[in-house]
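Residue-level structure breakdown
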Amino acid sequence: MGNPSPGCGKSGRPANGKVTVDNDHIYTFPDSYDGSTPFPLLVGFHACGNPIDQFINLTRGSAFEAEYVRAVGRSSDAGGCWNYNNDIAKVLRIYDDLMENYCIDMDRVFATGHSSGAQMIVQILGHKSDAEHMNFRAVAPVAASDYGALQVPMPVMYIQGKNDTVRGGDGASTVARFRAANMCEMSSAPYAEVMGCQSSGRAVNPGCISYSGCSEPTIWCSHDDPAYSNTSHGVPCFAIQAMYDFFADVP
């Protein structure tokens, strides 16, 4: 049954399975959502200059669309970038609105984000009260940055191009923050659950590893997808399916 939010039983499926507040947020609801059975929630944070519905578009046709409530917000910055100090109140408000007015499994809230959006996730996890408020069960940031120590342990699939020319690195310092928060050992093993894919006419190696001895699952996918104008900074071709499978496996 899950852990039903206060909104369970308040109303049925919204008209056309979608709620839109211009320049603020979009929620989508699967065909099977009835307002009484709690659904897992995917929160998606767009990249700088990308549309609010970046992750709704990326997950279209996937199991996320069929099985999760999806919620995306719009950053307040004119350039479309997330700013923690300016945007955290909005993020918490959207979360509270979802819990209060819709039927969400409060123990199955997941987050993904790209670039600036991934940075927002990392910054939330760096603030204990905000991290505890959002209560993510697991996260899958794509091409974030290191914003200091994380304040809570967190199951993670961290994804970044090994030659990300926008970030100028492979994300090792960000991964180290998750490894520390999850008390991992330095040793790792290949994580073969993620399948390769085709991008820009070439075969992509997801390059995923799983760290040993962690308190929470800690996966690093250091891939070679050249996408995002050949910067390797994009959401790689394997990412959405890999995130779905990872989230499904988290106890």
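Worth saying up front: this structure is predicted, and the values here are computed from it rather than measured.

Some details on the sheet that holds strand E4 (residues 69-73)
Spatial strand order, E1-E2-E4-E3-E5-E6-E7-E12-E11-E8: ten strands in an open sheet with mixed pairing. In this open sheet, the two edge strands, each paired with only one partner strand, are strand E1 (18-21) and strand E8 (188-190). The mean inter-strand angle of the sheet, taken between neighbouring strand axes irrespective of direction, is 15 degrees. Relative to E4, strand E2 (residues 25-28) runs antiparallel, the two sharing four bridges.

Quick notes on the pattern of salt bridges
Under the definition given, this model contains eight salt bridges. Glu 100 is the salt-bridge partner of Lys 10, the closest N and O atoms lying 3.0 Å from each other. With a gap of 90 residues between them, Lys 10 in the segment before E1 and Glu 100 in helix H3 (residues 84-101) connect regions that are remote in the sequence. A salt bridge links Arg 70 to Glu 65; its shortest N-O distance comes to 3.8 Å. When its relative accessible area of 6% is taken as the criterion, Arg 70 is described as buried. Residues joined by salt bridges that share partners form a network here, namely Asp 24, Lys 90 and Arg 93.

So, the nonpolar core
Ranked by size, the top nonpolar core spans 46 residues in total, and within it Leu 41, Phe 45, Ile 124, Leu 125, Phe 136 and Val 139 carry the most contacts. Residue assignment for this core shows that the elements contributing at least two residues are strand E3 (39-45), E4, H3, strand E5 (104-114), helix H4 (116-125), helix H5 (128-134), strand E7 (156-161) and helix H6 (172-181). A total of eight residues in this core trace back to one element, the largest contributor, which is H3. The residues touching Val 139, leaving out its near neighbours within four places in the chain, are Ala 111, Ile 121, Leu 125, Met 154, Pro 155, Val 156, Met 157, Phe 178, Phe 246 and Phe 247. Formed by 32 residues, the second largest nonpolar core is a distinct cluster that contains Ile 52, Val 72, Ala 239 and Ile 240.

Points about the state of the cysteines
In this structure the tally under the stated criterion is five disulfides. One disulfide bridge connects Cys 184 with Cys 214, the sulfur atoms lying 2.1 Å from each other. On the sign convention where negative is left-handed, the bridge of Cys 184 and Cys 214, at about 120 degrees about the S-S bond, is right-handed. Remark: Cys 214 occurs in the loop between strand E11 (208-211) and strand E12 (218-223) and Cys 184 occurs in the loop between H6 and E8; sequence separation between them is 30 residues. The buried category is assigned to Cys 184, whose relative accessible area is 16%. Paired by a disulfide, Cys 208 and Cys 221 hold their sulfur atoms 2.1 Å apart. Because the sign of the S-S torsion sets the handedness, a value of about 105 degrees for the bond joining Cys 208 and Cys 221 places this disulfide among the right-handed ones. One end of the pair, Cys 208, is in strand E11; the other, Cys 221, is in strand E12, and 13 residues separate them in sequence. Assigned by exposure class, Cys 208 and Cys 221 land together as buried. Indicated for the protein chain is the disulfide connectivity 1-4, 2-3, 5-8, 6-10, 7-9, based on numbering the bonded cysteines in sequence order.

Criteria and cut-off values
- Residues numbered from 1 in each chain as written.
- Predicted model: local features only at pLDDT ≥ 70, side-chain atom pairs only at ≥ 80, totals over all residues.
- Heavy atoms only, no water.
- Pairing = 2+ DSSP bridges.
- Helix = DSSP H or I, 4+ residues; strand = E, 2+ residues; numbered from the N terminus.
- Axes fitted to C-alpha atoms, helices over the stretch in contact; angles between N-to-C directions.
- Salt bridge = Lys/Arg side-chain N within 4 Å of Asp/Glu carboxyl O.
- Buried < 20%, exposed > 50% of the residue type's maximum accessible area, 1.4 Å probe, protein only.
- Core = buried A, V, L, I, M, F, W, Y, C linked by side-chain atoms within 4.5 Å.
- Contact = heavy atoms within 4.5 Å.
- Disulfide = S-S within 2.5 Å.

It is worth stressing that arrangement in space is one thing and function is another; only the former is reported here.
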